[in-house]
Amino acid sequence: MIKKFITSLAAIALLGTLSLSNLRAQDTNMAGMPMTNAPAADTNAPAPGPTPDPAGTATGMSVDAQSPAGTFIVTAPSDLSADDMKDTNKVATYKDAKKAFDDYTAQAKLEPLAVKLSDSVGHNRVAINFMWTLITGFLVMFMQAGFALVETGLCRAKNAGHTMSMNFMIYPMGMLGFYVCGFAFMFGGMADTTSAVNGTISTMGGYGGLNHEFGIHIGQKFFGLLGMKGFLLQGAGYDTAAFALFLFQMVFMDTTATIPTGGAAERWKFSAFMIYGCCIGTIMYPVFGNWVWGNGWLANLGVLFPGLGHGHVDFAGSSVVHMQGGVICLIFCWLIGPRYGKYNKEGRIVHPIMPHSIPLVMLGTFILAFGWFGFNPGSSLAGTDLRIAVVAVNTMLASATGALGATLWMWWVRTKKPDPSMMCNGMLAGLVAITCPCAFVSAGGASLLGLIAGVLVVESVFFFEKIGIDDCVGAISVHGVNGAWGCLSLGLFADGTYGDGWNGVSGKVTGLFYGG
């Protein structure tokens, strides 16, 4: 009775929040929060920001008609101050910019039609990026089917319905939570100029209306903690670029959300799961996501503290998505405890619990591998960024070496025979590991880090089994351990060919093995 009441209460609270469709980020009562001894929070009123474009007719103009050498439209440089006039380098830069603007103005008078056409070119370029982001988001959404098959196949047949139901319901529960406030918490401050690093949705028209980041000042440095615009996709969130970003990032959140449903399967009460479904999309996932991808403090580390490289770099989510899901899974498995009968009182495994359908597991793994072509290349948010070819191939290679590494390690070292479930977990481990560095490493680096991931996942599964953590599907090892390995591998294998200006730091992302 109690669990039914709690589940109903959570659902009513969520639906009640959804009914407040006129909610605005600027209506929050941040200024009314009680004072503490902590550093003072930034409670300035949010900047009005650009006007949203819900129709999409004003998104993508001549400024987006970019050529390999730079933008098509050249704007006039700002006048120098009296102090700047004393700096010869600034004066020379200003003169070069002024000459470029004068040359452009003269050429525009000779070819006015080209200037008019530039609006269409810019709009089409942005439209390509919109389509790319949406289609790759659709691919990531389909990964939910892959997770459901893998997790259900690795569990016992008697619990197949329960496991499938969790995989099904986490999608709407997480989505609605992300819609209500998760998206605003994660990206509502991405364009806030208070932060050292701030940016618009540059690949989709440069919309900068999501510009209020809540955070704290320590000394002269601002540490962003949470976005504060875009609640219920209203106000500043009612823009076509924001909607495209919402769809893509929502399915990423759902990936994180579904990871614990496998590890804690077969003994997780559905009422408790439903409460978790409300929390993961509203606050749990968005907070860390803001710190890394939404103009939060981790993204700003490289600018706030020169010498820390480009800050926390995670191209597609080894840490934000996978490691976070793996850590949540670890906590749940530890709190709930192992399945009944698997361990004796001394903590030794006396009754191994076998998967009921390897074909389901393998089919689900292939679906996930296919969806990863949306996950990693799609994180560019730009079909016009040709680096997506490198990202896609690196993703494919790491999955292959991950599967090979796990298969051979089980065959030659651990059990002296190949294990089908470990083949699948090895492939997934390679995919998780390459997710962070996929845009920054060479094909050789991707292959090597995938191979290491395949070995890591085997040893990690055996380790957690030994210490009494009952992970039904190996989610902690696949996502948690190899999510961490993926982030570390970036610092080793990034080859310095991509990422100039990443997180506001000049220079390309370069790892230790390449002189970084």
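So, here is what we can say about the structure in this document. Here the structure is a predicted model, which is why all the values come from computation and not from measurement.

With that settled, consider the overall build of the protein chain. A count of helices and strands for the protein chain gives 13 helices and four strands. Going through the 516 residues of the protein chain one by one, you find that 49% of them count as buried. A fraction of 75% describes how many contacts in the protein chain between residues 6 or more apart in sequence connect residues 24 or more apart.

Applying the stated criterion to the full structure yields two cavities of 30 Å³ or more. Approximately 100 Å³ is the volume attributed to the largest cavity. What lines the largest cavity is a set of 14 residues, among which Phe147, Val150, Val473, Ala475 and His479 lie closest to the centre. Of all the secondary-structure elements, those providing two or more residues to the lining of the largest cavity are α3 (112-154), α5 (240-263), α11 (420-435) and α13 (475-493).

Before going further, it helps to spend a moment on unusual backbone geometry. Backbone geometry places leucine 232, a non-glycine residue, at a positive phi of 55 degrees. At glutamate 266, a position not held by glycine, the phi torsion is positive, near 75 degrees. Assignment of secondary structure puts glutamate 266 in the loop between α5 and α6 (270-293). Using a relative accessible area of 13% as the deciding quantity, one classes glutamate 266 as buried.

What follows is about the pairing of strand β3 (residues 213-218). Where β3 meets strand β4 (residues 221-227), six bridges bridge the pair, whose relative direction is antiparallel. From the neighbouring strand, glycine 215 faces β4, where its bridge partner is glycine 224. Connecting β3 to the next strand, β4, in antiparallel fashion are two residues, including glycine 219 with a positive phi near 65 degrees.

The next point concerns the packing of α3 against helix α9 (residues 358-375). Relative to each other, α3 and α9 sit at 160 degrees, their axes nearing to 7 Å. Overall, the two elements α3 and α9 adopt an arrangement that is roughly antiparallel. Like other packed secondary-structure pairs, α3 and α9 cross with a definite hand, here left-handed.

We now examine the pattern of salt bridges. The full count for this structure, using the stated rule, is nine salt bridges. Residues aspartate 102 and lysine 98 are paired through a salt bridge, measuring 3.1 Å at the closest nitrogen-oxygen approach. Pair noted here: aspartate 102 and lysine 98 are both in helix α2 (residues 88-110), with a separation of four residues, about one helical turn. Looking at aspartate 102, the relative accessible area reads 35%, which means it is partly exposed. One salt bridge in this structure joins arginine 414 and glutamate 459, with 2.7 Å as the shortest N-O distance. With arginine 414 in helix α10 (residues 388-414) and glutamate 459 in helix α12 (residues 443-466), this pair connects stretches of sequence that are 45 residues apart. Taken together, the shared-partner salt bridges connect Arg156, Glu266, Arg339, Lys342, Glu465 and Asp470 into one network.

With that settled, consider the packing of aromatic side chains. Following the criterion strictly, the structure yields 26 aromatic pairs and no others. Ring geometry for tryptophan 268 against tyrosine 276: centres 5.3 Å apart, planes inclined by 50 degrees, an arrangement best described as tilted. Residue classification places tryptophan 268 among the buried residues on the basis of a relative accessible area of 6%. With 6.5 Å between their ring centres and 85 degrees between their planes, phenylalanine 288 and tryptophan 291 make a pair best called edge-to-face.

Right, let's talk about the nonpolar core for a bit. Judged by nonpolar contacts, the single largest core of 101 residues is most densely connected at Phe183, Tyr276, Tyr285 and Phe440. The biggest single contributor to this core is α5, with 12 residues. Once residues lying within four places of it in the same chain are set aside, the contact partners of tyrosine 276 are Ile170, Thr256, Ala257, Pro260, Trp268, Met284, Ile328 and Phe332. Core analysis: the second largest hydrophobic core is formed by 10 residues, Val180, Ala184, Leu232 and Val287 among them.

As a further point, take the layout of surface pockets. Considering only enclosed or pocket space, the largest pocket measures out at about 1,400 Å³ in volume. Taken together, 44 residues line the largest pocket, and the ones lying closest to its centre are Thr200, Ser202, Thr203, Ser380 and Trp502. Going through the elements one at a time, α3, α5 and α6 are the ones with two or more residues in the lining of the largest pocket. The class makeup of the residues in the lining of the largest pocket is 18 nonpolar, 20 polar and six charged. Volume-wise, the second largest pocket comes out at about 770 Å³.

Its location among the elements puts leucine 225 in strand β4. Counting along the chain gives 70 residues from leucine 225 to asparagine 295, while the straight-line C-alpha distance between them is 8.6 Å.

What follows concerns the state of the cysteines. Tallying each qualifying case throughout the model produces zero disulfides. Take cysteine 279: it sits in no disulfide, and the sulfur closest to it among the cysteines is that of cysteine 278, at 6.4 Å. With a relative accessible area of 30%, cysteine 279 lands in the partly exposed category.

A few words on a nonpolar patch on the surface. Together, Val327, Ile331, Trp334, Leu335 and Ile336 give the surface a local cluster of nonpolar side chains, amounting to about 510 Å² of exposed area. Considering the arrangement of structural elements, one finds valine 327 in helix α8 (residues 318-336). Looking at valine 327, the relative accessible area reads 41%, which means it is partly exposed.

What follows covers α8. For α8, with 19 residues, the first-to-last C-alpha span of 25 Å sits near the 27 Å given by 1.5 Å per residue. Taken together, the buried positions of α8 are Ser318, Ser319, Val320, Val321, His322, Gln324, Gly325, Gly326, Ile328, Cys329, Phe332 and Cys333. Each element contacted by the buried residues of α8 is listed here: α4 (160-187), α5, α6, α9, α11 and α13. Looking one or two residues beyond α8, the residue adopting positive phi is glycine 337, at roughly 90 degrees.

Analysis parameters
Residues numbered from 1 in each chain as written. Predicted model: local features only at pLDDT ≥ 70, side-chain atom pairs only at ≥ 80, totals over all residues. Heavy atoms only, no water. Helix = DSSP H or I, 4+ residues; strand = E, 2+ residues; numbered from the N terminus. Buried < 20%, exposed > 50% of the residue type's maximum accessible area, 1.4 Å probe, protein only. Contact = heavy atoms within 4.5 Å. 1 Å grid on protein atoms, 1.4 Å probe; cavity = no way out; pocket = protein on both sides within 12 Å on 5 of 7 lines; lining within 4 Å. Points joined across faces, edges and corners; volume = space filled by probe spheres on them. Pairing = 2+ DSSP bridges. Axes fitted to C-alpha atoms, helices over the stretch in contact; angles between N-to-C directions. Parallel < 35°, antiparallel > 145°, perpendicular 65-115°, else oblique. Left-handed = near helix turned anticlockwise from the far one by under 90°. Salt bridge = Lys/Arg side-chain N within 4 Å of Asp/Glu carboxyl O. Phe/Tyr/Trp six-rings, centres within 6.5 Å; stacked < 30°, edge-to-face > 60°. Core = buried A, V, L, I, M, F, W, Y, C linked by side-chain atoms within 4.5 Å. Nonpolar A, V, L, I, M, F, W, Y, C, P; charged D, E, K, R; others polar. Disulfide = S-S within 2.5 Å. Patch = residues over 30% accessible without salt bridge, like charges linked within 9 Å, V, L, I, M, F, W, Y side chains within 5 Å. Areas by Shrake-Rupley, 256 points an atom, 1.4 Å probe, with all protein chains shown as cover. Expected span 1.5 Å × (residues − 1).

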